[in-house]
Amino acid sequence: MKPMRVLFLALVSIAVGCGGSNPAPTGGSGGTGGAAGGGGTGGTGGTGGAGGPGGSWLTGSEGTLLASYDGANFAAHTAPTTNDLFALTCVGHLDGWAAGAGGVLIGTHDGGLDWTLESSGVSTTLRALAFSDRDHGLAVGDAGVILRTTDGGESWTPVASHTTADLRGVALGSDGRAFAVGAGGVMLRSVDGGQTFGTPASLAATDLRAVRWNGSVGAGFAVGLGGVVLGSTDGASWQPLEAAAGDLKAISLSDDATRAVAVGANGLVWRTVDAGAHWSAGTSGTTASLATIGFSDDDEGLGWAAGAGGALLVTHDGGASFSALVSPTTHDLFAVEDL
């Protein structure tokens, strides 16, 4: 995630910043927006309120879109869709996209002040997004759908996936490597920025739900149901690592790839601080299923997790422990991002 003063929470999972780092505005009406989570109305200015570009965003079921300008107080904003939003990603301080049910795609290009419907060109549900820069991005979803953009989301082109498995996670690195994971433990790999993907490989006996890849370091992790954790230092071979005690649904990777924090069923937190050599459970303080995890670039210890029933948590110690934040929704939340 890019440096941030505020937090963007959205449906699904992985993050670079979308918004400016300017201070929160003191008044004004909330900007419109869309992401995964319950449908919400625009917030007003003030603590956790609306206005001004930037902030932190969260998306969820029925077009839920939440925003915060202090990372602690969140208000609902209005999305241009009532579809579930399962994925959210941002690039820089102005541009962000969220995607979800029925192929819906929404975007902001003014730091979250306005979110508008954009065309994905498909009606298949999209479940994950990843961008390597302002122009180049990937979207994946059900029935093996992979879409690629080279013009900042203005147009999307289908990419052959050679699978009909539902894809739940995607990563796109600065080194041109890309990965998509999904049902049946499938992983698809690309070395040309997602222009083409090789023959699918089955790397686990259960569904993989999320993947992260750090192209500058050359390291990545994938997680899934049954507590599966896979690690790689070259992108070509992935090895099983210490498994968690329950289903894992999302993972965040630090800039140096030494710390990874995964979250999942019944408030499960599973983390490493030594590049995957050892793993231990964190304390979430909730039994809610968690669907997303993300961290601030300004403070490496500061992060957020969110999930079922509007569960919204914050950590100040790199994911070792979390505390609850007041959530303005009871809709399921799927993704978090800093804009």
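For the structure itself, consult the block above.
These numbers come from a predicted model, not from an experiment.

Reading the values: rules and limits
- Residues numbered from 1 in each chain as written.
- Predicted model: local features only at pLDDT ≥ 70, side-chain atom pairs only at ≥ 80, totals over all residues.
- Heavy atoms only, no water.
- Phe/Tyr/Trp six-rings, centres within 6.5 Å; stacked < 30°, edge-to-face > 60°.
- Helix = DSSP H or I, 4+ residues; strand = E, 2+ residues; numbered from the N terminus.
- Buried < 20%, exposed > 50% of the residue type's maximum accessible area, 1.4 Å probe, protein only.
- Salt bridge = Lys/Arg side-chain N within 4 Å of Asp/Glu carboxyl O.
- Pairing = 2+ DSSP bridges.
- Polar contact = N/O pair within 3.5 Å; in protein donor to acceptor, adjacent residues only side chain to side chain.

Colleague: Help me understand the packing of aromatic side chains in this model?
Modeller: The tally for this structure, following the rule as stated, stands at nine aromatic pairs. Measuring from ring centre to ring centre gives 3.9 Å for Trp97 and Phe131, while their planes differ by 5°; the resulting arrangement is stacked. Here the residue Trp97 occupies a position in strand 6 (residues 95-100), and Phe131 occupies one in strand 9 (residues 126-131), the gap between them amounting to 34 residues. Overall, Trp97 belongs to the buried group, its relative accessible area being 0%. The exposure class assigned to Phe131 is buried, which follows from its relative accessible area of 6%. With centroids separated by 5.6 Å and ring planes inclined at 85°, the aromatic side chains of Phe221 and Trp279 adopt a geometry described as edge-to-face. Within this pair, whereas Phe221 is found in strand 18 (residues 219-224), its partner Trp279 is found in the loop between strand 23 (269-272) and strand 24 (280-281), the two being separated by 58 residues in sequence. Residue classification places Phe221 among the buried residues on the basis of a relative accessible area of 3%. Trp279 gets classed as buried once you look at its relative accessible area, which sits at 6%. Ring pairing ties together the aromatic residues Trp97, Phe131 and Trp156, which thus form one cluster.

Colleague: Would you take a moment to explain the pattern of salt bridges for this structure?
Modeller: Should their charged atoms come close, side chains of opposite charge can pair. What the rule picks out here adds up to three salt bridges. Between Asp95 and Arg134 there is a salt bridge; the shortest N-O distance is 2.8 Å. With Asp95 in strand 6 and Arg134 in the loop between strand 9 and strand 10 (137-141), the pair connects residues that are 39 residues apart, well separated along the chain. Judged by relative accessible area, Asp95 falls into the buried class, the value being 12%. Look at Arg134 and you get partly exposed, because its relative accessible area is 30%. For Arg127, the salt bridge goes to Asp142, with nearest N and O atoms at 2.7 Å. With Arg127 in strand 9 and Asp142 in the loop between strand 10 and strand 11 (146-149), the pair connects residues that are 15 residues apart, well separated along the chain. Classification of Arg127 by relative accessible area gives buried; the value is 18%. Overall, the relative accessible area of 16% leaves Asp142 in the buried class.

Colleague: Whenever I open this one, the sheet that holds strand 25 (residues 290-295) confuses me. Can you help?
Modeller: Sheet strands pair via backbone hydrogen bonds, and the direction of the pair is either parallel or antiparallel. The sheet built from four strands is open, its strands ordered 25-26-27-28 with antiparallel pairing. Looking along the sheet, the strands with just one partner apiece sit at the ends: strand 25 and strand 28 (323-324). Two strands pair when backbone bridges link them, and strand 27 (residues 312-315) and strand 28 are joined in this way by two bridges, in the antiparallel orientation. Bridge pairing links Leu313 to Ala324 in strand 28.

Colleague: Looking at this structure, I do not really get the side chain of Ser232. What am I missing?
Modeller: Looking at where Ser232 falls in the secondary structure, it is placed in strand 19 (residues 229-232). With a relative accessible area of 5%, Ser232 lands in the buried category. A distance of 2.8 Å separates the side chain of Ser232 from the backbone oxygen of Ser237, its partner in a polar contact.

Colleague: What am I meant to see in the pairing of strand 15 (residues 186-190) here?
Modeller: As a general feature of sheets, a regular strand has side chains that alternate between the two faces. Most of strand 15 is tucked away: four of the five residues are buried. Relative to strand 15, strand 14 (residues 178-182) runs antiparallel, the two sharing four bridges. The partner of Val181 across the bridge, within strand 15, is Met187. Connecting the antiparallel pair strand 14 and strand 15 is a turn made up of three residues, with Gly184 showing a positive phi of about 70°.

Colleague: Looking at this structure, I do not really get the environment of Asp110. What am I missing?
Modeller: As for its position among the elements, Asp110 is in the loop between strand 7 (105-108) and strand 8 (116-118). In this structure, the C-alpha to C-alpha distance between Asp110 and Asp95, residues 15 residues apart in sequence, is 6.6 Å. A polar contact of 3.0 Å, which involves the side chain of Asp110, links it to the backbone nitrogen of Asp114.

Colleague: Got a minute to help me understand unusual backbone geometry in this structure?
Modeller: Phi is positive for Glu62, which is not a glycine, with a value near 55°. On the basis of relative accessible area, Glu62 is assigned to the partly exposed category, the value being 44%. The phi torsion at Ala257 lies on the positive side, around 65°, for a residue other than glycine. Within the secondary structure layout, Ala257 lies in the loop between strand 21 (248-253) and strand 22 (260-264).

Colleague: Which parts of the structure should I look at to understand the side chain of Ser296?
Modeller: Relative to the helices and strands, Ser296 is located in the loop between strand 25 and strand 26 (303-307). A residue is classified by how much of its surface remains accessible, and Ser296, at 5% relative accessible area, is buried.

Colleague: Would you explain the sheet that holds strand 9 in this entry?
Modeller: The strand order across the open sheet built from four strands is 9-10-11-12, with neighbouring strands paired in antiparallel fashion. A strand with exactly one partner marks an edge of an open sheet, and here the two such strands are strand 9 and strand 12 (157-158).

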